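Observations on chain architecture
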There are 2 protein chains.
Amino acid sequence: MRSRADNSLAERKRQLVADELRDAALMLLATKGFDVVTVDDIVAAAGMSRRTFFRYFASKEDVVVRFLADTSADIITELATRPPAEPSSVALRHALWVPLAACNDHPEHSERARVVVRLILDTPALHARWLERQIEWRAELAAELANRSGLDPHTDPYPRMAAGMALLALDTVLQRWQPGDDEQHLAKLMDQAFAVVAPALDAPAASPAAG
Amino acid sequence: MRSRADNSLAERKRQLVADELRDAALMLLATKGFDVVTVDDIVAAAGMSRRTFFRYFASKEDVVVRFLADTSADIITELATRPPAEPSSVALRHALWVPLAACNDHPEHSERARVVVRLILDTPALHARWLERQIEWRAELAAELANRSGLDPHTDPYPRMAAGMALLALDTVLQRWQPGDDEQHLAKLMDQAFAVVAPALDAPAASPAAG
DNA sequence: CTATCGGTGGCACTCAGTGTCAAGCAGTGC
DNA sequence: GCACTGCTTGACACTGAGTGCCACCGATAG
């Protein structure tokens, strides 16, 4: 699972700086609001220069969104290792559970993740970037689904739409995530959301994919 | 259909200025690309001042996205007037057909609409704003769906997710929209997309909405 | 003729984001 | 100790988006 991390010194130092900036940014943004906090405020709190911030994060939005959206590779990996005979709804539910499980493994991170989710959903600019990131997830999920089902993603809308429905389910869970919810409650929300889309995810192929 | 337009002189003049700015903006942005064209370029082409542009459009993104996204009210109206007994998939398909039908009514506008769709889908910043606008559509559609089905949108995820699936179908159609496609082809794409989500849209209520 | 009112342009300002360059600071070879 | 190399940082200047403010202009009402 250690793809290209821990180059043992330089990489570790970089990670430290990035964490420092991210922590300062999340603290300020979550408490004061996204619009009123400037990048100058963030770097002042982190004790670094403005230029350094933009070497680690592409934008003010990036530092927030990446806190949630950096797990895309893990999701795809999980989907790729699900048994091929498994219904799409089950495989996708397991794949999208990965980032939530990662939260639950670190309870002290879980609460902050929930706060960040709320910040994103309540801030239009962040919500837009979050959805933009989800578009990438959708493309990757669609490619893997096409792989699983043997469908051609260029002629059949199913893979892309199935991925979209799964992400819609995830969004619904995040929207309904309340303070104090434990892992079991999160799992129940996930089951409810996937129950809605499952009839479409697992329906027998019906689109003739005509042109 | 004339909600609060044509205040017969001042409003007409405002509309004229807005159209001029929009036409100049779409021309430049579609041909040269979103990032390389500045607001200064746009207002120079339209023969107006930079300050005026921002009196009519909230941002450079706004002028593009609003060209497609201003039909939200018509969509909700259409959904509200569909027969209550109609399956959700059919009602939603008719509602989301409204903006596409509006395009087809004006063939000279249709081609430009398709170009703008392509511009939005290919420009990350625009795509993000477009999705952000769709969030509003989703909330309005969800409210109307909750109204139709008698479900409580706060406890039952179905209305929100049904709206999301319908918009996913629309997005799929726009993605697959090719040059030269006539109204019939667009209708076929719409049918294909809704065929995928219909099993979920029309499934018997299965979520106990427990908390 | 004058007061008013909506729209406009010009100007200055904040802030996001980028390119550039001059340090600082490892580690390495001599 | 000294030079060289590679990487990171901070400082500065710059573009461009977006906003607030005010003066101006044309039309209309008195």
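If you're wondering where the values come from, they're calculated on a predicted model, not measured in any experiment.

Cross-referencing UniProt, the feature "domain: HTH tetR-type" (unreviewed entry) maps to residues 15-75 of chain A in the present numbering. Helix and strand shares over residues 15-75 of chain A are 77% and 0% respectively, and the end C-alpha atoms of the span are 22 Å apart.

Below, the discussion takes up the relation of the copies chain B and chain A. Superposing chain B onto chain A takes a rotation of 180° plus a shift of 0.1 Å along the axis, which leaves an RMSD of 0.1 Å. In symmetry terms, the pair is related by a two-fold rotation axis. An overlap of 100% is found between the interface residues of chain B and their copies at the interface of chain A, pointing to a shared contact surface.

A separate point is the domain arrangement of chain A. Residues and elements named next belong to chain A. Domain assignment breaks chain A into domain 1 (10-57) and domain 2 (66-200). Using only C-alpha atoms to locate each centre, domain 1 and domain 2 end up separated by 27 Å. At the interface, 8 residues of domain 1 touch 9 residues of domain 2. Where domain 1 abuts domain 2, roughly 710 Å² becomes buried across the two surfaces, and 73% of that area is made up of carbon and sulfur atoms. Where domain 1 packs against domain 2, one counts 1 salt bridge. A salt bridge links Asp 23 to Arg 112, with the shortest nitrogen-to-oxygen separation between them at 3.0 Å. Joining domain 1 to domain 2, the criterion identifies 2 residue pairs in polar contact (both at pLDDT 80 or more). With 5 residues, helix H1 (residues 10-32) is the largest single contributor of residues to the side of domain 1 that touches domain 2. Looking at the side of domain 1 that touches domain 2, its residues break down into 6 nonpolar, no polar and 2 charged.

Applying the stated rule across the entire model yields 28 salt bridges over all chains. Residues Glu86(A) and Arg82(A) are paired through a salt bridge, measuring 2.7 Å at the closest nitrogen-oxygen approach. Neither Glu86(A) nor Arg82(A) differs from the other in exposure class; each is buried. When the shortest N-O distance is used, the salt bridge between Arg114(B) and Glu111(B) registers 2.9 Å. Placement of both Arg114(B) and Glu111(B) in helix H7 (residues 107-122) is noted, with a separation of 3 residues, approximately one turn of the helix. Residue class for Arg114(B) comes out buried when judged on its relative accessible area of 11%. By relative accessible area, which is 39% here, Glu111(B) ends up partly exposed. By sharing partners, the salt bridges in this structure join Asp19(A), Arg22(A), Asp23(A) and Arg112(A) into a single network.

Looking now at the packing of aromatic side chains. Centre distance and the angle of the planes are the two values used to describe a pair of aromatic rings. Residues and elements named next belong to chain B. Scanning the entire structure with this criterion turns up 6 aromatic pairs over all chains. Judged by centre distance (5.3 Å) and plane angle (85°), the rings of Phe 53 and Phe 54 are edge-to-face. On the accessibility criterion, Phe 54 (34% relative accessible area) is partly exposed. Measuring from ring centre to ring centre gives 5.5 Å for Phe 53 and Phe 57, while their planes differ by 40°; the resulting arrangement is tilted.

Close contacts around DNA strand C come from 18 residues, with Arg50(A), Arg51(A), Lys60(A), Thr52(B) and Arg55(B) the closest. Near-protein atoms of DNA strand C (within 4 Å) split between backbone and bases, with sugar and phosphate holding 46%. Side-chain polar atom of Ser49(B) to a phosphate oxygen of DNA strand C: 3.0 Å apart, as the coordinates give it. Contact between DNA strand C and Thr52(B): a phosphate oxygen at 2.2 Å from a side-chain N or O atom of the residue. Of all elements in the fold, only helix H3 (50-56) of chain A together with helix H1 (10-32) and helix H3 (50-56) of chain B reach the threshold of two or more residues within the surface near DNA strand C.

Parameters and conventions
- Throughout, a residue's number is its position along its own chain's written sequence, starting from 1.
- Here the convention is simple: chains get letters from A, ligands get numbers from 1, in the order in which they are written.
- Per-residue local features are limited, in this predicted model, to residues with pLDDT of at least 70; the limit for side-chain atom pairs, both in listing and counting, is 80 or more; totals at the level of whole chains, interfaces and linings are taken over all residues.
- To get the side-chain values, take all heavy atoms of the structure and skip hydrogens and water.
- UniProt positions are given in the numbering used here, feature names are shortened, and annotations may be inferred rather than shown by experiment.
- Secondary structure elements are taken from DSSP: a helix is a run of H or I of four residues or more, a strand is a run of E of two residues or more, and numbering for both begins at the N terminus.
- Fitting of the copies onto one another was done by least squares over C-alpha atoms, counting residues only where both copies have pLDDT of at least 70.
- Working rule for contacts: check all heavy atoms of both residues, and any pair within 4.5 Å makes them a contact.
- Here the limits of each domain have been adopted from an automatic or database domain assignment.
- By buried area we mean the combined loss of accessible area, with a 1.4 Å probe, across both parts when two parts are placed together.
- One speaks of a salt bridge when a side-chain nitrogen belonging to Lys or Arg is within 4 Å of a carboxyl oxygen belonging to Asp or Glu.
- A 3.5 Å cut-off defines polar contacts: any pair of N or O atoms within that distance qualifies, except that in protein one atom must be a possible hydrogen donor and the other a possible acceptor, and neighbouring residues in sequence count only when both atoms are side-chain atoms.
- The residue classification treats Ala, Val, Leu, Ile, Met, Phe, Trp, Tyr, Cys and Pro as nonpolar and Asp, Glu, Lys and Arg as charged. All others, Gly included, are polar.
- Relative accessible area decides the class of each residue, using a 1.4 Å probe on protein chains only: under 20% of the type maximum gives buried, over 50% gives exposed, and in between gives partly exposed.
- Only Phe, Tyr and Trp rings take part, Trp by its six-membered ring, and two of them pair if their centres are within 6.5 Å. Stacked means planes under 30 degrees apart, edge-to-face means over 60, and tilted covers everything else.
- Think of it this way: one heavy atom of a residue within 4 Å of a molecule or strand is enough to make that residue near it.

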